[in-house]
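Examining the three-dimensional arrangement
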Amino acid sequence: MKDFLGPMATMVWKDIVLEARSRELVVSVIVFGLLLVVVFNFALRPAPGQAAALAPGLLWVAFAFAATLAMNRAFIREQEAGALEGLLVSPVSRDAIFLAKAAASFIFMLLVEAALLPAYGAMLEFSALSWTLGAAILLATLGFALIGTLFSALAAQTRSREIMLPVLFFPIITPLIIAAVAVSGGATGGGTFTGLGRWLLLMGVFDALFLVICPWVFSFVVED
Amino acid sequence: MNAGYAITVEGLEKSYRDWPVLWNLDLTVPWGEALALFGANGAGKTTLLRILSTSVRPDAGTVRIAGRDLLRQTAEARRRIGVVGHRSFLYEDLTPRENLTYYARLYGISDREARVTAALERVGLGSRANHRVRALSNGMQKRAAIARAILHRPGVLLLDEPEAGLDRDSRRMLGELLAEWTAAGRSVAFTTHDIELGLAWGHRAAVLTGGRLAFPGGGATDIQQALSSGPSTRPGEGEGRMSDGGGR
């Protein structure tokens, strides 16, 4: 277990250090998310009281778009000087490599969402401090990170990776977005708390399933 | 039996789609020996090294590094391999020291600081150890890549055209390093287009042609002759086996 978690922690820490130095992912995705909320506001012009109904959907569309941008970068750093090949010829297991990349993406996405949430709360008139919203964000972001990391690895090997990732990513995460919107509706005032446990359970099952499937598929994706 | 060799390859075959690159290739490299691998562009030198380094899976045949089967004991074999490829495998926003410390952790090296410093000093990068990789010249990045490859003291060093991008001093440093490596009983396999350099660094020379290895004895003239007299056909053609293995 130490041989698995030790290298994993090392790889996550390396991604955090690289991001802290380059600031090319988190900052740009936050800026994109903020621009998106401004565009939504001008495009939809919600009347007073209407914003709450729109809030959950807009929030999760923005988070999903932001995730796509973030995930596109997940394997680019690894490919710049062939560092991924250096990792693949090291004794570290493919599972550890995948889970480290997914964990780093999860952390970066949470940072982005934490920065965007107050802005969306202010614009769309809902309180960002809600345990149900927090649970939805944690579970949905974990799913985004797992699936996004896998498809990012796959798309990084193609010439049209910027297109390939969203084309693969969105159909798979749609159930997560539906569940996240349903759960968030109760918190933002755009829905009810009815069936909350069922939606959270669905998201948990979805994550558990992809926590098993994604590392397994990843080992085939990186095999030459 | 195979533990007696650093590298053992038997019946190796590799094709890309319907294009066979390596064909029924056999090779042994004893401990303490450096093998210089020559071949024309596209002969399959890099493919062979990438198979030996576990980056690419062979279609058929067995490969053992330090007695470990690459397909069955992959992680154990990887611990015994050091690779210098065409690219540095380094993160450009980290310094050489940080890159090496990162790899030292991945390889589970306990005395990391001392080992990293020793590897950087060995390739003459001590004074630039704390500069970001992107700020280093290509030659210095190559030195850092060599330091990364020797960091875990692998039994087998695999180098793909290691002289590329190195100046005369760096080449001399690398030649001395490879000599030390084999003198310590470890082994090296490297590809090169520079025949003189390959003969100077290698104990034995092999020419990859027609998907197989030939071992012409003698000097540069024999190597040159073997390179120019290679078959014009695709590997395996005319042996009645294309239909068996060509599309694998």
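Residues numbered from 1 in each chain as written. Chains lettered and ligands numbered in written order. Predicted model: local features only at pLDDT ≥ 70, side-chain atom pairs only at ≥ 80, totals over all residues. Heavy atoms only, no water.

**Thoughts on the sheet that holds strand β6 (residues 81-84) of chain B**
All names here are of chain B.
- An order of β6-β7-β8-β3-β9-β10 is seen for the six strands of this open sheet, with the pairing classed as mixed. Each edge of the open sheet carries a strand with a single partner, namely β6 and β10 (212-214). This sheet shows a mean twist of 20° between the axes of neighbouring strands, independent of strand direction.
- Pairing geometry for strand β9 (residues 204-209) and β10, over three bridges, is antiparallel. Counted as the bridge partner of V207 is A214 from β10.
- Where helix α6 (residues 168-183) meets the sheet, it contacts β3 (34-39), β7 (156-160) and β8 (187-191), and its direction lies at approximately 150° from that of β7. (Pairing = 2+ DSSP bridges. Helix = DSSP H or I, 4+ residues; strand = E, 2+ residues; numbered from the N terminus. Axes fitted to C-alpha atoms, helices over the stretch in contact; angles between N-to-C directions. Contact = heavy atoms within 4.5 Å.)

**Some points on unusual backbone geometry**
Residue and element names in this part refer to chain B.
- Within the chain, A66 stands out as a residue other than glycine whose phi angle is a positive 50°.
- Judged by its relative accessible area of 9%, A66 falls in the buried class.
- Even without a glycine there, the phi angle at F89 is positive, about 65°.
- Checked against the element boundaries, F89 lands in the loop between β6 and α3 (96-106). (Buried < 20%, exposed > 50% of the residue type's maximum accessible area, 1.4 Å probe, protein only.)

**Some thoughts on the domain arrangement of chain B**
Residue and element names in this part refer to chain B.
- Its domain assignment divides chain B into domain 1 (2-80 + 155-245) and domain 2 (86-153).
- The C-alpha-based centres of domain 1 and domain 2 are spaced at 25 Å.
- Across the contact, 21 residues belong to domain 1 and twelve residues belong to domain 2.
- At the boundary of domain 1 with domain 2, total buried surface from both sides reaches about 1,400 Å², with 56% on carbon and sulfur atoms.
- Area buried by domain 1 at its contact with domain 2 is led by R79, M173 and L177, which between them contribute 32% of it. (Domains from an automatic or database assignment. Buried area = accessible area lost by both parts, 1.4 Å probe.)

**Here we look at the layout of surface pockets**
All names here are of chain A.
- Looking at the largest pocket, its volume works out to about 310 Å³.
- At the level of secondary structure, the elements contributing two or more residues to the lining of the largest pocket comprise α4 (76-80) and α5 (83-88).
- Residue contributions to the lining of the largest pocket peak at three residues, all from α5.
- Per-class residue counts for the lining of the largest pocket are four nonpolar, five polar and seven charged. (1 Å grid on protein atoms, 1.4 Å probe; cavity = no way out; pocket = protein on both sides within 12 Å on 5 of 7 lines; lining within 4 Å. Points joined across faces, edges and corners; volume = space filled by probe spheres on them. Nonpolar A, V, L, I, M, F, W, Y, C, P; charged D, E, K, R; others polar.)

**Let's talk about the side chain of Q141(B)**
- Here Q141(B) lies in helix α5 (residues 138-150).
- The exposure class assigned to Q141(B) is buried, which follows from its relative accessible area of 13%.

**Re the sheet that holds strand β4 (residues 60-65) of chain B**
Residues and elements named next belong to chain B.
- Read across the sheet, four strands follow the order β2-β1-β4-β5 without closing on themselves; strand pairing throughout is antiparallel. The two strands at the open ends of the sheet, each matched to only one other strand, are β2 (19-30) and β5 (68-69).
- Contacts from helix α1 (residues 45-52) reach β1 (5-16), β2 and β4, with the element oriented near 120° to β1.

**A closer look at the environment of Q224(B)**
- Along the polypeptide, Q224(B) turns up in helix α8 (residues 220-228).
- C-alpha separation for the pair Q224(B) and A145(B), spaced 79 residues apart in sequence, amounts to 30 Å.

**Description of helix α2 (residues 26-44) of chain A**
Residue and element names in this part refer to chain A.
- With 19 residues, α2 should reach 27 Å at 1.5 Å per residue; the first-to-last C-alpha distance of 27 Å fits that figure.
- Inspection of α2 places V26, V29, I30, G33, L36, V37 and F40 among the buried residues, and these make up the whole buried set. Along α2, the residues classed as buried sweep out an arc of 115° about the axis, all on the same side. Facing away from the buried surface of α2 by more than 90 degrees, the exposed residues are L35, V39, F42 and A43.
- Those residues of α2 hidden inside the fold are in contact with α1 (2-22), α3 (51-72) and α6 (94-124).
- Just beyond α2, the residue with positive phi is R45, at close to 40°. (Expected span 1.5 Å × (residues − 1). Arc of directions from axis to C-beta.)

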